[in-house]
Amino acid sequence: GEEVAQTPKHLVRGEGQKAKLYCAPIKGHSYVFWYQQVLKNEFKFLISFQNENVFDETGMPKERFSAKCLPNSPCSLEIQATKLEDSAVYFCASSQYSGANFGGTEAFFGQGTRLTVV
Amino acid sequence: QKEVEQNSGPLSVPEGAIASLNCTYSDRGSQSFFWYRQYSGKSPELIMFIYSNGDKEDGRFTAQLNKASQYVSLLIRDSQPSDSATYLCAVATGNQFYFGTGTSLTVIP
């Protein structure tokens, strides 16, 4: 598609429940990035993929967070046993190239999924 | 030390004035620099990118890059109320984009 599609737009989970978020990158984009934005604060990098391979996962809280990008399927970010502090907007972005390697290409953002843990 | 630092503001300027937004980055090897605008409740949208030292102008927007000082800025001339938003500085380093915390700009009519 021509835009990054994130679903669902809103997600409410009780504390301890699982949350699963989806992201379909722009067709032809090889790189997918996940970010967490709590309230209006910083964009925290979580993980990036090059096609279906994890490219950089230095930002992932490994205990409860996992992510996948499988061929012919939207990418997903899953949070097991959600906590109140997981409440945030989760943005997915896709890019044709990664970072500085090719002179940089902008990352296009999806509309985000607002996760509320109650 | 964070990869990208911005003054969180809020920054208020009167309509018609110049708004100046600043950003510093820590990795001297960073090569690509972006300014995104994020309206409340919306996703970030790219407004400017710059790769080379110096100034780059696009309409009312000018991006300035000084790699020696590891500093990038965004100037908005003739500020309009519709420019009121959070401005995110992003730096492409290695394998990923690092974002600053954003500067909240309010243009007062």
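For the structure itself, look to the data block above.
What you are looking at is a predicted structure, and each value in this text was computed from that prediction instead of being measured.

> Could you clarify how one ought to interpret the side chain of Asp56 of chain A in this entry?
Turning to its location among the elements, Asp56 of chain A is positioned in strand E6 (residues 53-56). Nearest to the buried, unbridged Asp56 of chain A among oppositely charged side chains is Lys62 of chain A, at 8.8 Å.

> Sorry, what's going on with the state of the cysteines here?
What makes a disulfide is a covalent bond joining the sulfur atoms belonging to two cysteines. Throughout the structure, instances matching the rule amount to three disulfides over all chains. What pairs with Cys69 of chain A in a disulfide is Cys75 of chain A, and their sulfur atoms sit 2.0 Å apart. The disulfide joining Cys69 of chain A to Cys75 of chain A has a torsion of about 110° about its S-S bond and is therefore right-handed. Two residues share a disulfide in this structure: Cys23 of chain B and Cys89 of chain B, whose sulfurs sit 2.0 Å from each other. Looking along the S-S bond of the Cys23 of chain B-Cys89 of chain B disulfide, the torsion reads about -70°, which is the left-handed sense. Placement of Cys23 of chain B in strand E3 (residues 19-25) and of Cys89 of chain B in strand E9 (residues 85-93) is noted, with a sequence separation of 66 residues between them. In this structure Cys23 of chain B comes out as buried when scored by relative accessible area, which is 1%.

> What exactly am I supposed to notice about the sheet that holds strand E6 (residues 54-58) of chain B here?
The pairing of strands in a sheet comes from backbone hydrogen bonds and takes either a parallel or an antiparallel form. Residue and element names in this part refer to chain B. Judged by pairing direction, the sheet is antiparallel, and its five strands sit side by side in the order E1-E3-E8-E7-E6 without closing on themselves. Either end of the sheet is taken by a strand with one partner, and the two such strands are strand E1 (4-6) and E6. Strand after strand, the sheet turns through a mean of 20° between neighbouring axes, direction not considered. Pairing analysis gives five bridges linking E6 to strand E7 (residues 61-66), with the strands arranged antiparallel. The residue bridging Gly54 from the neighbouring strand is Leu65, located in E7.

> Looking at this structure, I do not really get the packing of aromatic side chains. What am I missing?
The description of an aromatic ring pair rests on the distance of the ring centres and on the angle between the ring planes. Per the counting criterion, the structure on display carries 12 aromatic pairs over all chains. With centroids separated by 5.1 Å and ring planes inclined at 65°, the aromatic side chains of Tyr31 of chain A and Phe55 of chain A adopt a geometry described as edge-to-face. Note that Tyr31 of chain A is positioned in strand E4 (residues 31-37) and Phe55 of chain A in strand E6, a separation of 24 residues in sequence. Ring geometry for Phe33 of chain A versus Tyr35 of chain A: centroids 6.5 Å apart, planes at 20°, classification stacked. Overall, the relative accessible area of 0% leaves Phe33 of chain A in the buried class. Residue Tyr35 of chain A is classed as buried on the basis of its relative accessible area, which comes to 1%. Counting every residue linked through ring pairs, the aromatic cluster contains Phe33, Tyr35, Phe45, Phe91 and Phe109 of chain A together with Tyr36 and Phe99 of chain B. Positioned above the aromatic ring of Phe49 of chain B is the side chain of Lys56 of chain B, whose terminal nitrogen or guanidinium carbon lies 3.5 Å from the ring centre.

> What is the right way to read the pattern of salt bridges from this model?
Pairing is possible between side chains that carry opposite charge, provided their charged atoms lie close to one another. Following the criterion strictly, the structure yields six salt bridges over all chains and no others. The closest approach of N and O atoms between Glu78 of chain A and Lys18 of chain A, which form a salt bridge, is 3.9 Å. Of this pair, Glu78 of chain A sits in strand E8 (residues 75-79) while Lys18 of chain A is found in the loop between strand E2 (10-13) and strand E3 (19-24), placing the two residues 60 residues apart along the sequence. The partly exposed category is assigned to Lys18 of chain A, whose relative accessible area is 46%. A salt bridge links Arg37 of chain B to Glu45 of chain B, with the nearest nitrogen and oxygen atoms 3.1 Å apart. The class for Arg37 of chain B is buried, based on a relative accessible area of 14%. The partly exposed category is assigned to Glu45 of chain B, whose relative accessible area is 33%. One connected set of salt bridges, linked through shared partners, spans Lys18, Lys20 and Glu78 of chain A.

> What's the story with the sheet that holds strand E1 (residues 5-7) of chain A in this structure? I'm lost.
Residue and element names in this part refer to chain A. Strand order in the open sheet made by the four strands is E1-E3-E8-E7, with antiparallel pairing throughout. Of all the strands in the sheet, just E1 and strand E7 (65-68) have a single pairing partner and so form its edges. The sheet shows a mean angle of 15° between the axes of neighbouring strands, direction not considered. Of the strand pairs in this sheet, E3 and E8 are connected by five bridges, and their pairing is antiparallel. Across the sheet, Leu21 pairs through a bridge with Leu77, a residue of E8.

Conventions used here
Residues numbered from 1 in each chain as written. Chains lettered and ligands numbered in written order. Predicted model: local features only at pLDDT ≥ 70, side-chain atom pairs only at ≥ 80, totals over all residues. Heavy atoms only, no water. Helix = DSSP H or I, 4+ residues; strand = E, 2+ residues; numbered from the N terminus. Buried < 20%, exposed > 50% of the residue type's maximum accessible area, 1.4 Å probe, protein only. Lys, Arg positive; Asp, Glu negative; His and termini not counted. Salt bridge = Lys/Arg side-chain N within 4 Å of Asp/Glu carboxyl O. Disulfide = S-S within 2.5 Å. Pairing = 2+ DSSP bridges. Axes fitted to C-alpha atoms, helices over the stretch in contact; angles between N-to-C directions. Phe/Tyr/Trp six-rings, centres within 6.5 Å; stacked < 30°, edge-to-face > 60°. Lys NZ or Arg CZ within 6 Å of the ring centre and 35° of its normal.

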